[in-house]
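# Observations on the model geometry
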Amino acid sequence: AGQNTLSGEELYLNYGNRPCEEYALQYGFVPNRNPGDGLVFPLGPSTTNVPINRKIYLTWDDIRFVGDNVRDECANYLDNMPSSLSDDVQELAFLQSGRGVQEKNVESADCDEYEGSECQAVVAEMRDRSIMALHYRIAKKQLLTALAGRPSSSASTSAFGTVQ
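Residues numbered from 1 in each chain as written. Predicted model: local features only at pLDDT ≥ 70, side-chain atom pairs only at ≥ 80, totals over all residues. Heavy atoms only, no water.

### Overview of the overall build of the protein chain
The test is simple: Only DSSP runs of H or I covering at least 4 residues are called helices, and only runs of E covering at least 2 are called strands; the numbering of each starts at the N terminus. By the convention used here, residues are in contact when the closest approach between their heavy atoms is within 4.5 Å. All accessible areas in this document rest on Shrake-Rupley with a 1.4 Å probe, and a residue is counted as covered only by the protein chains that are shown.
Counting its secondary structure elements, the protein chain contains six helices and two strands. Reading the protein chain from its N end, one meets helices and strands in the order α-β-β-α-α-α-α-α. Contacts spanning at least 24 positions in sequence make up 55% of the contacts within the protein chain whose residues lie at least 6 apart. Within the structure as shown, the protein chain displays about 10,700 Å² of accessible surface, and the carbon and sulfur contribution to it stands at 49%.

So, in structure tokens, the structure goes:
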């Protein structure tokens, strides 16, 4: 692409500055600490004097500029999620290790209609989808954690260490 390369030479691809949703849908992965990522965040009545249906788009660039009210809203949102960032990181490590994948996913897969190896393929696909969903969820929670002004644990910052 514009220059000659030697056989065996490493090539680099720039995916551009995109939100995590586009990476997941177009390329099948979610990058760690994606500077192009953001989230649509509802502003409650404690944040502004406007109706509750007002929303803002927050990115990594906004961390330094959000006010205390938005930080508090982000912290409250995190505290009311069904799982914590740490829980998601542990779940991701569990699924990536392969431990318990059969027990966890075979229950969900209707393997009665598949032969043994076909059922294993269904379970593997379900595992891969679960891993992708966790990567996405972790990326959003990392951003929310930073916006809330909370320290990020070393476990959450290394959650994507095995992404290939």
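### Thoughts on the side chain of aspartate 88
Tracing the chain through its elements places aspartate 88 in helix 3 (residues 85–97). Residues in contact with aspartate 88, not counting those within four places in the same chain, are Ser83, Leu134, Arg137, Ile138 and Lys141.

### So, the pattern of salt bridges
Any two side chains of opposite charge can pair, given that their charged atoms come close. The line we're drawing: For salt bridges, the criterion is a side-chain nitrogen of Lys or Arg within 4 Å of an Asp or Glu carboxyl oxygen. In this scheme, a residue with accessible area under 20% of its type's maximum is buried, one over 50% is exposed, and one in between is partly exposed, where area comes from a 1.4 Å probe on protein chains only.
Taken as a whole and assessed by the stated rule, the structure comprises eight salt bridges. In this structure, the salt-bridge partner of glutamate 22 is arginine 18, at a minimum N-O distance of 3.0 Å. With relative accessibility at 33%, the residue glutamate 22 sits in the partly exposed group. For aspartate 88, the salt bridge goes to arginine 137, with nearest N and O atoms at 2.8 Å. Within this pair, whereas aspartate 88 is found in helix 3, its partner arginine 137 is found in helix 5 (residues 116–147), the two being separated by 49 residues in sequence. Under the relative-accessibility criterion, aspartate 88 is labelled buried at 2%.

### Notes on helix 2 (residues 68–79)
Worth spelling out the cut-off: Here the expected span of a helix is defined as 1.5 Å times the quantity of residues minus one.
With twelve residues, helix 2 should cover 16 Å at 1.5 Å per step; its first-to-last C-alpha distance of 16 Å lies within 8% of that length. The set of residues buried in helix 2 consists of Val70, Glu73, Cys74, Ala75 and Leu78.

### Description of the packing of aromatic side chains
Let me state the cut-off plainly: Each Phe, Tyr or Trp ring (for Trp, its six-membered ring) is paired with any other whose centre lies within 6.5 Å, and the angle between the two planes then decides the class: stacked below 30 degrees, edge-to-face above 60, tilted in between.
Taken as a whole and assessed by the stated rule, the structure comprises seven aromatic pairs. Geometrically, the ring pair formed by tyrosine 23 and tyrosine 27 is tilted, given 6.1 Å between the ring centres and 50° between the ring planes. A residue pair is termed a helical-turn pair when its members lie 3 or 4 positions apart in one helix, as tyrosine 23 and tyrosine 27 do in helix 1 (residues 20–27) at four residues. For tyrosine 27, a relative accessible area of 36% puts it in the partly exposed group.

### A short note on the nonpolar core
Basically, it comes down to this: Definition of nonpolar core: a set of buried residues of the types Ala, Val, Leu, Ile, Met, Phe, Trp, Tyr and Cys, connected through side-chain atoms within 4.5 Å.
Core analysis: the largest hydrophobic core is formed by 16 residues, its most contacted members being Phe41, Leu58, Val70, Cys74, Leu144 and Leu147. In contact with cysteine 74, other than residues within four places in its own chain, are Phe41, Leu58, Leu144, Leu147 and Ala148. Counting residues in hydrophobic clusters, the runner-up holds seven residues, among them Val89, Leu92, Leu95 and Leu134.

### A few points about unusual backbone geometry
Residues apart from glycine generally show negative phi values, whereas peptide bonds are mostly found in trans. Backbone geometry places arginine 33, a non-glycine residue, at a positive phi of 50°. Among the structural elements, arginine 33 can be located in the loop between helix 1 and strand 1 (38–42). Since its relative accessible area comes to 35%, arginine 33 is described here as partly exposed.

Any link to function would need more than the numbers given here.
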